[in-house]
Structure formats: C-alpha cells, structure tokens
Amino acid sequence: MAPHTLSCVSVPLLVFLASLTSVAAARGARAPKAADPSEGFTAVSLRESNFVLQQPFNEASGTRYSFDGTVRKLWVLSSDKPHARQSHTSPRTEIRMAGYDYSSGVWQFEAYGYVPSGTTGVSIMQVFGAGETATTLMLHVYDGALRYYDRQIVEDAIYDRWFRLNVVHDVDASTLTVYIDGQQRLHVHGRGGDSHYFKFGVYAQNHDSSCMESRWKGVRILKKDTSH
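Values in this document were obtained by computation on a predicted structure and should not be read as measured data.

J.: In this structure, what is going on with the state of the cysteines? I would like to understand it.
T.: Covalent bonding between the sulfur atoms of two cysteines is what defines a disulfide. Taken as a whole and assessed by the stated rule, the structure comprises 1 disulfide. A sulfur-sulfur separation of 2.0 Å characterises the disulfide bridge that pairs Cys 8 with Cys 211. Its torsion about the S-S bond being -75°, the disulfide of Cys 8 and Cys 211 is classed as left-handed. Here Cys 211 lies in strand S15 (residues 211-224) and Cys 8 lies in the segment before helix H1 (11-29), a separation of 203 residues in the sequence. The exposure class assigned to Cys 8 is partly exposed, which follows from its relative accessible area of 27%.

In structure tokens, the structure reads:
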C-alpha cells in the first residue's frame, strides 16, 4: 500500500506528536475551566448511519478515511478526483451529517478536532446551505491559522493539538457563533437559505497542500429548546 494511503503524517512523526499532545493536555488540565457553550442545548441521537462519507469517487473505501471507534481520520490529496463523477468541485474527504437537516431554530455542532502541521488551503468544517452561495459558514486552515473562509482569523495556532470546536447557528436570528476551547472566537451574520446541515473533514481550497488531513472525535449535534 502506498504510504499516502495511511494519512498525511508519517508514523514516527505521529509518535512525536502524540507525546506533544500528552504534554499539552497535562498543562491544559491545570488551566481554569472554560465556559461551556453547549449549556442549554440537548444532544440529538446519532448512529453511524448519520455519518455519510464523501471521498474521491475513484478511491476504494478506507483509502482516504479511517475510524477506530474513537477518532475519525480524513485525508485527501490535491491530485484526487471530486467526490462524484459528475462533480467539478475540488477534492474532498468529508462527512456529511445526515438525518438532521434544519431550517429553523438554534443548532450546534460540537467536536474535538486535530489538524497536523503541513495541512493548508483546506476547509475542515462547513455549515452547508445558504441563499446565494453554497455555504453559510466555512472554517479554513491556512498555514496553521483557522479562518472564517479565507478572511479573519478564528484561532491563530491550530496545528498539532486537539481543540474543542463549537459552532452555533441561530437560523431565525441569522447568526453564527464559533467557540474554540469554550471561548468565543467569531460571531457573524448568516447567509440565508431554507435548509442547512453540518459537514467536517477536508475539502481543498486555494493554495492547498499536496496532502490535507484532519481528525475528529466526540462529534455531537445539539439543539436548543426555544419553546419557553
């Protein structure tokens, strides 16, 4: 099997990065407890059938995605084909969260993400659906910074660490709020549209690296009770 089918990161580097992550986790354990953006929300029930994989159409299952029961690893090459034969979009390996498309209310995507160094020019998370564009929100990674599309920085040091990501979409108020490790980092207006859903993984953008990868665990979709 070709080395790139294992992921974008070599095995020795994975061991090294794992040690760094352990050190960072130990340091983080001593930090003050962050606010919880999921408070007031209720998690919906998710099964594996809700995690719908989109990967290059000519690649066999497992060549761009792995799941060990805890961590979902997704990667794609800049030379890969689109996710569908008839598509003209850039290469992607993404998971489309199915079964919970929404058109009103307050919804939240929560997960722990990890982006290895070297991955750049890529979208790692989307709120799909908008009025005149395809998406209401995209989070891109460029040279270690997480950005709102290719614009303002959401988090300036995202590489080689697990981070907690919470994205809150208030459809009726047409706002989106992004939290990193419990801290608000972005608050923007929505882009309209009458149907939305969440996606995560890797989707090549401008100036993409030859291999793009992200990892995810603890994925949840939550909904706020607004009836009171």
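J.: Looking at this structure, I do not really get unusual backbone geometry. What am I missing?
T.: Glycine aside, the phi torsion of most residues is negative, and most peptide linkages are trans. The residue Asp 143 is not glycine, and still its phi comes out positive at about 50°. Mapped onto the fold, Asp 143 is located in the loop between strand S8 (135-142) and strand S9 (145-148). Even without a glycine there, the phi angle at Tyr 149 is positive, about 50°. Tracing the backbone through its elements, the reader meets Tyr 149 in the loop between S9 and strand S10 (153-155). For Tyr 149, a relative accessible area of 8% corresponds to the buried category.

J.: Got a minute to help me understand the sheet that holds S10 in this structure?
T.: Hydrogen bonds along the backbone pair up the strands of a sheet, which may run parallel or antiparallel. Taken together, the 7 strands give an open sheet; going across it, the order is S2-S5-S14-S7-S8-S9-S10, and neighbouring strands pair in antiparallel fashion. A strand with exactly one partner marks an edge of an open sheet, and here the two such strands are strand S2 (51-54) and S10. The sheet shows a mean angle of 20° between the axes of neighbouring strands, direction not considered. Examined bridge by bridge, strand S7 (residues 122-128) and strand S14 (residues 197-204) share 6 bridges and lie antiparallel to one another. Residue pairing across strands places Gln 126 opposite Lys 199, the latter belonging to S14.

J.: Teacher, can you tell me more about the environment of Ala 134 here?
T.: In this structure, Ala 134 sits in the loop between S7 and S8. Separated by 62 residues in sequence, Ala 134 and His 196 have C-alpha atoms that sit 9.9 Å apart. What Ala 134 contacts, discounting residues up to four positions off in sequence, is Phe 128 and Gly 129.

J.: Help me understand the confidence of the model for the protein chain, please; the structure alone is not making it clear to me.
T.: The predicted coordinates of low-pLDDT regions are not to be read in fine detail. In this model, the protein chain carries an average pLDDT of 89, and 85% of its residues clear a pLDDT of 70 or more. Counting interchain partners and residues more than four positions distant, the pLDDT-below-50 stretch residues 15-29 has 6 contacts.

J.: Where do I start with the packing of aromatic side chains in this structure?
T.: Summed over the entire model, instances satisfying the criterion amount to 10 aromatic pairs. Taking the centre distance of 5.2 Å and the plane angle of 15° together, the rings of Tyr 102 and Trp 107 count as stacked. What makes Tyr 102 buried here is its relative accessible area of 3%. When the centroid spacing of 6.3 Å and the interplanar angle of 70° are considered together, the rings of Phe 109 and Trp 216 count as edge-to-face. Here Trp 216 lies in strand S15 and Phe 109 lies in strand S6 (residues 106-114), a separation of 107 residues in the sequence. Trp 216 carries the same exposure label as Phe 109, and that label is buried. Connected via pairs of aromatic rings, a cluster forms that spans Tyr 102, Trp 107, Phe 109, Phe 163, Phe 198, Phe 200 and Trp 216. A cation sits over an aromatic face here: Arg 72 above Phe 51, 3.8 Å from the ring centre. Geometry around Phe 67 places Arg 72 over its ring, the cationic atom sitting 3.8 Å from the centre.

Definitions and cut-offs
Residues numbered from 1 in each chain as written. Predicted model: local features only at pLDDT ≥ 70, side-chain atom pairs only at ≥ 80, totals over all residues. Heavy atoms only, no water. Disulfide = S-S within 2.5 Å. Helix = DSSP H or I, 4+ residues; strand = E, 2+ residues; numbered from the N terminus. Buried < 20%, exposed > 50% of the residue type's maximum accessible area, 1.4 Å probe, protein only. Pairing = 2+ DSSP bridges. Axes fitted to C-alpha atoms, helices over the stretch in contact; angles between N-to-C directions. Contact = heavy atoms within 4.5 Å. pLDDT = per-residue confidence, 0-100. Phe/Tyr/Trp six-rings, centres within 6.5 Å; stacked < 30°, edge-to-face > 60°. Lys NZ or Arg CZ within 6 Å of the ring centre and 35° of its normal.

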